[in-house]
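Survey of secondary and tertiary structure
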Amino acid sequence: MLSRGAVTVAVAAAIGGLALAATLIPSRTPQTETAVADSAGAGEMALAAKALAKALPVPPDIDAQQGLALAGDAWGDNEAVDDPIERRLISLRPGDTLMQILLRQEVPKEHAHELVSALRSVYNPQRLKSGQEIAFLFDRSEGDGRFVGIEFQPAVERSVSVSFDGVRFQAAEVAKPLQHRLFAVRGTIDSSLAQAASEAGVPIAVQSILINKMFNYDVDWQRDIQPGDRFEVLYELLTTETGEIARVGKVSYAALTLSGKRRELFLFEDADGRPDYFTRKGESVRKALLRTPVDGAKLTSGFGMRMHPLLGYSKMHKGVDFGAPTGTPIYAAGDGVIEEIGAKGAYGNYIRIRHNREIATAYAHLSRFGSGARRGSRVSQGEVIGYVGTTGRSTGPHLHYEVMRGGKQVNPLSVDLPTGRILAGKELKKFLAVAAELERTFTEELQGTEEMKGGVDLLTVSGSSQRPASRGACSKAPGC
């Protein structure tokens, strides 16, 4: 006669068929084997299961290739095997090294050294930053657990692991395939381009390109922006298959409509393979000088006569002042050579850059100089040369910025800046075709989209160009 346990197995097998009966024995772990052996009637249960497996026919709708997974799915995974690997997730604290963390997790010192040495073949452990999460793996199948390696993800698009193969530690790196996705965004500016773009979900890296690389040559970000102005941008994101953003790709097209005047810029690669932004007429956006050589700054004092705040009398102000927090990066307004750098009386920490025979720019009251900035060194337009401060004769943190023409200071905000390269001939024809295609792509992808809350039209352009099923609410997706 079968025991009560065997009867239970028989009933279950009769209901569920061969798939369940066949999984009762193979799904045991070493722990469950012990438990079954110690329980009453365990042998009778096993015999009953085998007998039923032979007696019952295989249901025709069961795929033999699915194996144990089908029974687990059908019965709620009640027979799932416990993972013998324990994962301890550790976050790096400021000042931590990988070696220190390994020793804190009681990894033997010789094993810790071997692991770090193996890791160096695929990843420099010195690049690990505070906040990085690392999974420490321990095998619990035998005893209290044996350390067998680590896993971590230094970037969205790749993961790194170091595992013990029984003889030595071996490191491996796995790169996730990335997809190129385009995002087309149009929005209304209420106070600033940065705020409007942020509300539309445009990544900060894209905003930086718009402000510092594309429109900074022509736009005074404090005086030219008015409520009701509009912006458009077509940009690319590289994402994983699950939609995680790895990095920003190209910003192919952008337009600003400021006080009714429209400015459009298109990305184009010339015959020499140099990418640059051009106007609709084929004129390079690059000018001799940037109009605003500091991010997010507010114009606090213009060029001309003024009452000096410290001296108490009227004095010619031979530059413009941009108020910004201490430590804000300052950019070289144009390509050139540093001809003076250091402390300079009332100017405080001071840099002067010679751009050509006629034009130079000066930057004063810096808190510190940029890395590598020294007299005679060559700098490129947009390169960080220093940081906002309040050294010298200053009432607070700001940048004093001067433009000199022929050795004489001129108004940086009104000086006529020459344009850069102008396309012509076959290259102009090619550019016009590229510009038309970019504009067509942007326009087509915005057609049919609903006006979203906040005045933003948005469409994600995927490989299949499928539109979202609903536009009723803004999700947390990039570009929304």
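Given the structure is predicted, the values throughout are model-derived calculations rather than measurements. (Residues numbered from 1 in each chain as written. Predicted model: local features only at pLDDT ≥ 70, side-chain atom pairs only at ≥ 80, totals over all residues. Heavy atoms only, no water.)

Examining the overall build of the chain
A tally of helices and strands in the chain yields ten helices and 24 strands. Burial analysis of the chain (480 residues in total) assigns 40% to the buried set. For the chain, the share of sequence-separated contacts (at least 6 apart) that also reach a separation of at least 24 residues comes to 61%. Of the roughly 26100 Å² of accessible surface on the chain, a fraction of 52% belongs to carbon and sulfur atoms. (Helix = DSSP H or I, 4+ residues; strand = E, 2+ residues; numbered from the N terminus. Buried < 20%, exposed > 50% of the residue type's maximum accessible area, 1.4 Å probe, protein only. Contact = heavy atoms within 4.5 Å. Areas by Shrake-Rupley, 256 points an atom, 1.4 Å probe, with all protein chains shown as cover.)

Thoughts on the sheet that holds strand β4 (residues 158–164)
Taken together, the five strands give an open sheet; going across it, the order is β1-β2-β3-β4-β5, and neighbouring strands pair in antiparallel fashion. The open sheet has two edge strands with one neighbour each: β1 (85–91) and β5 (169–175). Pairwise comparison of adjacent strand axes, ignoring direction, gives a mean angle of 20 degrees for this sheet. Sheet topology places strand β3 (residues 146–155) next to β4; five bridges connect them, and they run antiparallel. Counterpart to E151 in the pairing with β4 is S161. Where helix α7 (residues 109–119) meets the sheet, its contacts fall on β3, β4 and β5, and the angle it forms with β5 comes to roughly 35 degrees. (Pairing = 2+ DSSP bridges. Axes fitted to C-alpha atoms, helices over the stretch in contact; angles between N-to-C directions.)

What to know about helix α9 (residues 204–214)
Residues three or four positions apart in an α-helix share a direction because the helix packs 3.6 residues into each turn. Of all the residues in α9, the buried ones are V206, Q207, I209, L210, I211, N212 and M214. On the buried face of α9, the contacting elements are α8 (193–199), β7 (229–239), β8 (245–258), β9 (261–269), β10 (275–278) and β15 (329–331).

A look at the side chain of Q132
Inspection of the secondary structure assignment puts Q132 in the loop between α7 and β2 (133–139). Apart from the residues within four sequence positions on either side, Q132 is in contact with I90, S91, L92, F152, Q153 and P154.

Some points on the confidence of the model for the chain
Of all residues in the chain, 72% have pLDDT values of 70 or greater, and the mean over the chain is 76. Every residue in residues 1–81 is under pLDDT 50, and counting partners more than four places away or in other chains gives 46 contacts. Contacts of residues 448–480 to residues separated by more than four positions or lying in other chains number 65 contacts, the stretch itself having pLDDT below 50. (pLDDT = per-residue confidence, 0-100.)

Regarding the sheet that holds strand β21 (residues 384–387)
Read across the open sheet, the three strands follow the order β15-β21-β19; overall the sheet is antiparallel. The sheet terminates laterally at β15 and β19 (368–369), the two strands that pair on one side only. Here β19 pairs with β21 via two bridges, running antiparallel. Considered in β21, the bridge of R368 is made with Y387.

A closer look at the nonpolar core
Within the largest apolar cluster, 54 residues are counted, with the highest numbers of intra-cluster contacts made by M214, F231, V233, Y235, Y363 and Y401. A per-element tally of this core places α9 first, with five residues. For this core, the two domains that each supply at least three residues are domain 2 (179–287) and domain 3 (298–417). Ranked by size, the runner-up nonpolar core spans 22 residues in total, among them L98, L102, V107 and A112. (Core = buried A, V, L, I, M, F, W, Y, C linked by side-chain atoms within 4.5 Å. Domains from an automatic or database assignment.)

Some details on the packing of aromatic side chains
Aromatic ring pairs: the centre-centre distance and the angle between the two ring planes describe each pair. Inspection of the entire model under this criterion finds 14 aromatic pairs. Centroid distance F268 to F278: 6.0 Å. Interplanar angle 75 degrees. Geometry classified as edge-to-face. Of this pair, F268 sits in strand β9 while F278 sits in strand β10; the two residues are ten residues apart in sequence, bridging distant segments of the chain. By relative accessible area, which is 2% here, F278 ends up buried. On the numbers, 5.0 Å between centres and 45 degrees between planes, the contact of Y347 with Y350 is tilted. Taken together, the aromatic side chains of Y253, F266, F268, F278, F431 and F442 make up a single cluster linked through ring pairs. The residue whose ring lies beneath R88 is F138, and the NZ or CZ to ring-centre distance is 4.0 Å. (Phe/Tyr/Trp six-rings, centres within 6.5 Å; stacked < 30°, edge-to-face > 60°. Lys NZ or Arg CZ within 6 Å of the ring centre and 35° of its normal.)

As for the pairing of strand β14 (residues 320–323)
Regular strands have side chains that alternate between both faces of the sheet. Residues V320 and F322 line one face of β14 and the alternating positions D321 and G323 line the opposite face, and both faces are buried. For strand β11 (residues 298–301) and β14, the ladder comprises three bridges, and the chain directions are antiparallel. Bridge pairing in β14 links S301 to D321. With four bridges joining them, β14 and strand β22 (residues 398–405) adopt antiparallel strand pairing.

Brief notes about α7
Those residues of α7 lying buried are A112, L115, V116, A118 and L119. Buried residues of α7 fall within an arc of 160 degrees about the axis and therefore sit on the same side. For α7, the secondary structure elements touched by its buried residues are α6 (98–104), β3, β4 and β5. (Arc of directions from axis to C-beta.)

Quick look at the environment of Y347
When you line up the elements, Y347 lands in the loop between β16 (336–343) and β17 (349–354). What makes Y347 partly exposed here is its relative accessible area of 26%. C-alpha separation for the pair Y347 and A364, spaced 17 residues apart in sequence, amounts to 5.2 Å. Contact partners of Y347, with chain neighbours within four places excluded, come to A364, H365, T391, G392, H400, E402 and Q409.

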